[in-house]
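Survey of secondary and tertiary structure
Below, each chain spelled out in residue letters.
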There are 2 protein chains.
Amino acid sequence: MERPASDATRQALVEAALDGFGVKGYEGTSTRNIARAAKTNIASIAYHFGSKEGLRRACAEFVVSTIRSVADAVLAPEDEAAFAALDRDVARQRITAIFERMAGFILTNPRANLVARFMLREMIQPSMALDIIYGGIIEPTHKRLCRLWAVATGGEAESEATRLAVFALMGQVLYFRIGREIVVRRMGWEQLGTAEAQAIAALLKGNIDHLIEASEEPMP
Amino acid sequence: MERPASDATRQALVEAALDGFGVKGYEGTSTRNIARAAKTNIASIAYHFGSKEGLRRACAEFVVSTIRSVADAVLAPEDEAAFAALDRDVARQRITAIFERMAGFILTNPRANLVARFMLREMIQPSMALDIIYGGIIEPTHKRLCRLWAVATGGEAESEATRLAVFALMGQVLYFRIGREIVVRRMGWEQLGTAEAQAIAALLKGNIDHLIEASEEPMP
DNA sequence: GTCTATAAACAGATAGAC
DNA sequence: GTCTATCTGTTTATAGAC
């Protein structure tokens, strides 16, 4: 696709931009700063991506391929037959396992930090980058989780209740990433490292187990 | 505190800045745009707040007083004696009522939109404004919720488990506000209005009830 | 208190040397 | 492909008229 000689520069620019856009926002990050962080010159942005906007698009595509490679390993893309054959208890175990791994990755992986901040910015101020990310990872991942959740709780995969329930589950995980600064202060932690992430993952596993259990017995 | 003659300009500047900082970010919002939106001139920002940074501080103080007035009405500041006398069932009812009202406010109130976006930006890129907001509303509110949750579930108010559990509860509510754009797309909604907020609130109420119930019976 | 005018720095984009 | 120099417009801050 690209000439190998310029791949290193492209990669460096994308990573610098991802960091800048994520922390300072798109308008708040100058192409000058991005070029400096990537150890190249301003003109190379126009050369490789056409414009600052083109660099943003490249960031979105990087996010999609990064998360895809992780999500596919955890979620394992399955066909209709595989879902139909899923046992209820197996689906439950799969879900708790998925959320535990997701929490670990989102909370502690350094690359996840880069990616999460960029995605968060796009959620507040959507651009065409959000379209790429939504279609590339958010929707397909959410759909797969809905199907698993439906098997685990005996609901319908695309019912309003199931889709909202999966968002609520995601919220429990993602808030610890989004509100990380708040959580760290309130918990009196020095940082949110692996030990702290494990405490959070344990809590989330408990919550998910309870919510699945509750789906069996209707409230009195 | 301030001369009444200039209060209108101050107020207009703060609201315009809150909107700008929330949507485009601090660096991405120019004082020119803020002044134009507030129907005044650029120099008045320096006059009233000293600098752009001073305006950011004023935004944080506005956020604190806005949320305070709402939170106090919902949470009702209580003394030690009132907490000690709280019945377990009363605490449970209070919690579900609080989260239902919180969800309604956060998801549908137009002023909450302004405030929420600003707070979210500060979480990703903390400045002294986050210090003001954290000390002014986040910590005190979280502490009060922890005490209620402890009474409802029979735990300890300041234990790690309780503090994390309350964050997870908050996450379920807040994610629907943070990821609003994503939720709307995935749900196929045209907007997130009162009808949609009620569907979300109903789901959250169910989840909270289940989690409280589960605190009684230890997992098999 | 409000506003215009302007200073000094910085933005994104691009032409053209190498 | 990489880089310097530069064009054009915008940024925050401020001086000073009213």
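Cut-offs and rules
Residues numbered from 1 in each chain as written. Chains lettered and ligands numbered in written order. Predicted model: local features only at pLDDT ≥ 70, side-chain atom pairs only at ≥ 80, totals over all residues. Heavy atoms only, no water. Axes fitted to C-alpha atoms, helices over the stretch in contact; angles between N-to-C directions. Helix = DSSP H or I, 4+ residues; strand = E, 2+ residues; numbered from the N terminus. Parallel < 35°, antiparallel > 145°, perpendicular 65-115°, else oblique. Left-handed = near helix turned anticlockwise from the far one by under 90°. Contact = heavy atoms within 4.5 Å. Expected span 1.5 Å × (residues − 1). Buried < 20%, exposed > 50% of the residue type's maximum accessible area, 1.4 Å probe, protein only. Polar contact = N/O pair within 3.5 Å; in protein donor to acceptor, adjacent residues only side chain to side chain. Buried area = accessible area lost by both parts, 1.4 Å probe. Salt bridge = Lys/Arg side-chain N within 4 Å of Asp/Glu carboxyl O. Nonpolar A, V, L, I, M, F, W, Y, C, P; charged D, E, K, R; others polar. 1 Å grid on protein atoms, 1.4 Å probe; cavity = no way out; pocket = protein on both sides within 12 Å on 5 of 7 lines; lining within 4 Å. Points joined across faces, edges and corners; volume = space filled by probe spheres on them. Phe/Tyr/Trp six-rings, centres within 6.5 Å; stacked < 30°, edge-to-face > 60°. Lys NZ or Arg CZ within 6 Å of the ring centre and 35° of its normal. Least-squares fit on C-alpha atoms with pLDDT ≥ 70 in both. Bend = angle between axes of the 7 residues up to and from the residue. pLDDT = per-residue confidence, 0-100.

Here the focus is the packing of helix α7 (residues 110-124) of chain B against helix α8 (residues 128-153) of chain B. Residue and element names in this part refer to chain B. One can describe the packing of α7 onto α8 by two numbers: an axis separation of 9 Å at closest approach and a directional angle of 120 degrees. As far as their axial angle goes, α8 and α7 are oblique. α7 and α8 meet at a crossing whose hand is left-handed. On α8, the residues that touch Phe118, Met119 and Glu122 of α7 are Ala129, Leu130, Ile133, Ile137 and Ile138.

Attention shifts here to helix α7 (residues 110-124) of chain A. Residues and elements named next belong to chain A. Helix length check: α7, at 15 residues, gives a terminal C-alpha distance of 22 Å against a target of 21 Å (1.5 Å per residue), a fit within 8%. Counting buried residues along α7, 11 of its 15 residues qualify, which places the element largely inside the surrounding structure. Of all the residues in α7, the buried ones are Ala112, Asn113, Leu114, Val115, Phe118, Met119, Leu120, Arg121, Glu122, Met123 and Ile124. Capping of α7 at its N-terminal end is provided by asparagine 109; its side-chain oxygen lies 2.8 Å from the backbone amide nitrogen of arginine 111.

Before going further, it helps to examine the interface of chain A and chain B. At the interface, 52 residues of chain A touch 52 residues of chain B. Buried surface at the junction of chain A and chain B, summed over both partners, amounts to about 5200 Å²; 70% is from carbon and sulfur atoms. Three residues stand out in chain A for area buried against chain B, namely Ile124, Phe167 and Arg186 of chain A, and they jointly supply 15% of the buried area on that side. Along the contact surface separating chain A from chain B lie 6 salt bridges. One can count 15 residue pairs in polar contact (both at pLDDT 80 or more) joining chain A with chain B. For the side of chain A that touches chain B, the secondary structure elements donating two or more residues are α1 (4-24), α7, α8 (128-153), α9 (160-178), α10 (180-187) and α11 (194-214) of chain A. Ranked by residue count, the leading element in the side of chain A that touches chain B is α9 of chain A, at 13 residues. Per-class residue counts for the side of chain A that touches chain B are 28 nonpolar, 9 polar and 15 charged.

Right, let's talk about the layout of surface pockets for a bit. Empty space among the atoms becomes visible once a probe the size of a water molecule is rolled across them. Each pocket or cavity is described by its volume, and for the largest pocket that value is around 820 Å³. Along its surface, the largest pocket is lined by 36 residues, and Ile67, Ile106, Ala116, Met119 and Leu174 of chain A are the ones closest to its centre. Only α4 (52-75), α6 (88-108), α7, α8, α9 and α10 of chain A together with α7 of chain B provide two or more residues apiece to the lining of the largest pocket. In terms of residue count, α7 of chain A provides more of the lining of the largest pocket than any other element does, 8 residues in total.

A few words now on the side chain of threonine 153 of chain A. Mapping threonine 153 of chain A onto the fold places it in helix α8. What threonine 153 of chain A contacts, discounting residues up to four positions off in sequence, is Arg88 and Ser215 of chain A.

Centre distance and the angle of the planes are the two values used to describe a pair of aromatic rings. Per the stated rule, a full pass over the model turns up 6 aromatic pairs over all chains. Pairing phenylalanine 21 of chain A with tyrosine 26 of chain A gives two aromatic rings, centres 5.0 Å apart and planes at 55 degrees, and the pair type is tilted. Of the two residues, phenylalanine 21 of chain A and tyrosine 26 of chain A, neither departs from the other in class, the shared state being buried. Their ring planes at 70 degrees and their centres at 6.4 Å tell us that phenylalanine 176 of chain A and phenylalanine 167 of chain B sit as a pair that is edge-to-face. In this pair, phenylalanine 176 of chain A is assigned in helix α9 and phenylalanine 167 of chain B in helix α9 (residues 160-178), connecting two distinct chains. Each member of the pair, phenylalanine 176 of chain A as well as phenylalanine 167 of chain B, is classed as buried. Chaining the aromatic ring pairs together yields one cluster made of Phe167 of chain A together with Tyr175 and Phe176 of chain B. The ring of tyrosine 26 of chain A is capped by lysine 52 of chain A, whose NZ or CZ atom sits 4.6 Å from the centre of that ring. It is arginine 56 of chain B that lies over the ring of tyrosine 26 of chain B; its NZ or CZ is 3.9 Å from the centre.

This next bit is on the relation of the copies chain A and chain B. Rotating chain A by 180 degrees and translating it 0.0 Å along the rotation axis places it on chain B, where the RMSD comes to 0.1 Å. Taken together, the rotation and translation describe the operation of a two-fold axis.

Residue and element names in this part refer to chain B. Here α9 is 19 residues long and its end C-alpha atoms lie 25 Å apart, about the 27 Å a rise of 1.5 Å per residue gives. Considering bend angle alone, the principal kink of α9 is centred on glutamine 172 and spans about 30 degrees. Within α9, 17 of the 19 residues are buried, which leaves it mostly tucked inside the rest of the structure.

Counting all residues, the mean pLDDT for chain A is 93, and 96% of those residues have values of 70 or more. Helix α5 (residues 80-84) of chain A is the least confidently modelled element of chain A, averaging 76 in pLDDT, while α10 of chain A averages 98, the highest of any element.

Attention now goes to the packing of α9 of chain B against helix α11 (residues 194-214) of chain B. All names here are of chain B. Closest axis-to-axis distance for the α9/α11 pair is 11 Å, and the angle between their directions is 170 degrees. On the basis of their axis angle, the class for α9 and α11 is roughly antiparallel. Between α9, through Leu169, Gln172, Val173 and Phe176, and α11, the contact on the second element is made entirely by Ile200, Leu203, Leu204, Asn207, Ile208 and Leu211. Within the contact of α9 with α11, the residues separate by chemical class into 8 nonpolar, 2 polar and no charged.

Residue and element names in this part refer to chain A. Even without being a glycine, lysine 39 presents a positive backbone phi close to 55 degrees. Structurally, the position occupied by lysine 39 is in the loop between α2 (31-37) and α3 (43-49). Relative accessible area serves as the criterion here: at 76%, lysine 39 is assigned to the exposed category.

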